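# Architecture at a glance
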Amino acid sequence: MLVKITSRAWALDIMAQMHRGVPGRQAALIAASGAGRTAFGVSLAHLMELGLVARNPGHGHPLRPEFVLTDLGAVAAAKADEILQAAEESDTKLLRKSWTVPVLALAAQPQRFSGLKARLGAITDRALSTSLQTLEAQDWVTREIDLSERVPFPTYQAVNAGERINQVIGLAA
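Keep in mind the model is a prediction, meaning the values are calculated, not measured.

### A closer look at the overall build of the protein
Helices and strands together make up the secondary structure of the protein, namely ten helices and five strands. In terms of overall dimensions, the protein has a C-alpha envelope of 65 × 30 × 25 Å along the principal axes. Burial analysis of the protein (173 residues in total) assigns 40% to the buried set. Side chains of the protein give 18 positive and 16 negative charges; the mean places of these two sets differ by 8 Å.

Spelled out as structure tokens, the structure:
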């Protein structure tokens, strides 16, 4: 579910803003999140498809609908808010990238590239490599070479803000 939610750039932001009490209207959520209208619309439609957000029945004008979190959405929104709070304000842009949060979720312990790829399923080698490089440049993941085997190999582990985000997500190893 985490991979599905974060596959749209503004999904975490929208859910976190709704959790914080921002009214579930488009204008209010766009202003609070800073999203553009098109990207916001795509992310909101995605959250509705996942069953996390729904139109508030009987409220709002047809051209200005109001949205509410579903029961499942309320739980996910609380977690989204925690994830965003674990990052610095200036770093939240990185959390909008598709694979950032899922990679961090799996990086509590040192992981090989192949181990991360196997656990993430649908990710391509290029997407994982790019994500790891970006996270390493941001100092959210550390890359170390394990020399204990005959053929040395790199391992990746969440550090700093990446480790805080990993702990918030709280996936079992």
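### A closer look at the confidence of the model for the protein
Across the protein, the average pLDDT comes to 89, with 95% of residues at or above 70. Model confidence for the protein, summarised as mean pLDDT per element, is weakest for strand 1 (residues 53-61) at 79 and strongest for helix 9 (residues 125-137) at 95.

### Quick notes on the sheet that holds strand 4 (residues 141-146)
One open sheet accounts for three strands, arranged 3-5-4; its pairing is antiparallel. Edge positions in the open sheet fall to strand 3 (111-112) and strand 4, since each of these has one partner strand only. Direction of pairing for strand 3 relative to strand 5 (residues 153-158): antiparallel, over a ladder of two bridges. The residue of strand 5 that forms the bridge with Arg112 is Thr155.

### Quick word on helix 9
Relative to the 18 Å expected for 13 residues at 1.5 Å per residue, helix 9 spans 18 Å between its end C-alpha atoms, a close match to the ideal helical length. Of all the positions in helix 9, only Leu128, Ser131, Leu132 and Leu135 are classed as buried. Relative to the axis of helix 9, the buried residues are bounded by an arc of 95° and lie together on one face. When the buried face of helix 9 is taken as reference, the exposed residues oriented beyond 90 degrees from it are Arg126, Gln133 and Ala137. Tucked inside the fold, the buried residues of helix 9 contact helix 6 (92-95), helix 7 (100-105), helix 8 (113-120), strand 4 and strand 5.

### Digging into the packing of helix 2 (residues 11-19) against helix 5 (residues 71-86)
Taken N-terminus to C-terminus, the directions of helix 2 and helix 5 make an angle of 105°; their axes are 7 Å apart at the nearest point. Between helix 2 and helix 5, the interaxial angle falls into the category roughly perpendicular. Contacts between helix 2 and helix 5 involve Leu12, Asp13, Met15, Ala16 and His19 from the former and Gly73, Ala76, Ala77, Ala78, Ala80, Asp81, Ile83 and Leu84 from the latter. Partitioned by chemical class, the residues of the contact of helix 2 with helix 5 number nine nonpolar, two polar and two charged.

Parameters at a glance
- The residue numbering used here restarts from 1 in each chain and proceeds along that chain's sequence as written.
- It should be noted that, the model being predicted, local features are given only for residues of pLDDT at least 70 and side-chain atom pairs only at 80 or more, the latter also being counted only at that level, while totals for whole chains, interfaces and linings use all residues.
- Calculated side-chain values reflect all of the structure's heavy atoms, with hydrogen atoms and water omitted.
- Helix and strand definitions here come from DSSP, where helices need a minimum of 4 consecutive H or I residues and strands a minimum of 2 consecutive E residues; each element is numbered from the N-terminal end.
- Partly exposed describes any residue whose relative accessible area lies between the buried limit of under 20% and the exposed limit of over 50%, with all areas from a 1.4 Å probe on protein chains only and scaled to the type maximum.
- Charge convention: Lys and Arg are scored as positive, Asp and Glu as negative, and His as well as the terminal groups of each chain are ignored.
- Here the site of a charge means atom NZ of a Lys, CZ of an Arg, CG of an Asp or CD of a Glu.
- Every residue is assigned a pLDDT by the predictor, reflecting its confidence on a scale from 0 to 100.
- A pair of strands counts as paired when DSSP detects no fewer than two bridges linking them.
- What a helix should span is 1.5 Å times the count of its residues minus one.
- Within this analysis, the arc is defined by the directions that extend from the helix axis to the C-beta atoms.
- Should any heavy atoms of two residues lie within 4.5 Å, those residues are considered in contact.
- For helices, the fitted line uses only the C-alpha atoms of the stretch in contact; every axis is such a line through C-alpha atoms, and the angle between N-to-C directions lies from 0 to 180 degrees.
- What sets the label is the angle itself: under 35 degrees gives roughly parallel, over 145 gives roughly antiparallel, 65 to 115 gives roughly perpendicular, and the rest give oblique.
- In this classification, the charged set is Asp, Glu, Lys and Arg, the nonpolar set is Ala, Val, Leu, Ile, Met, Phe, Trp, Tyr, Cys and Pro, and all remaining amino acids, among them Gly, are polar.

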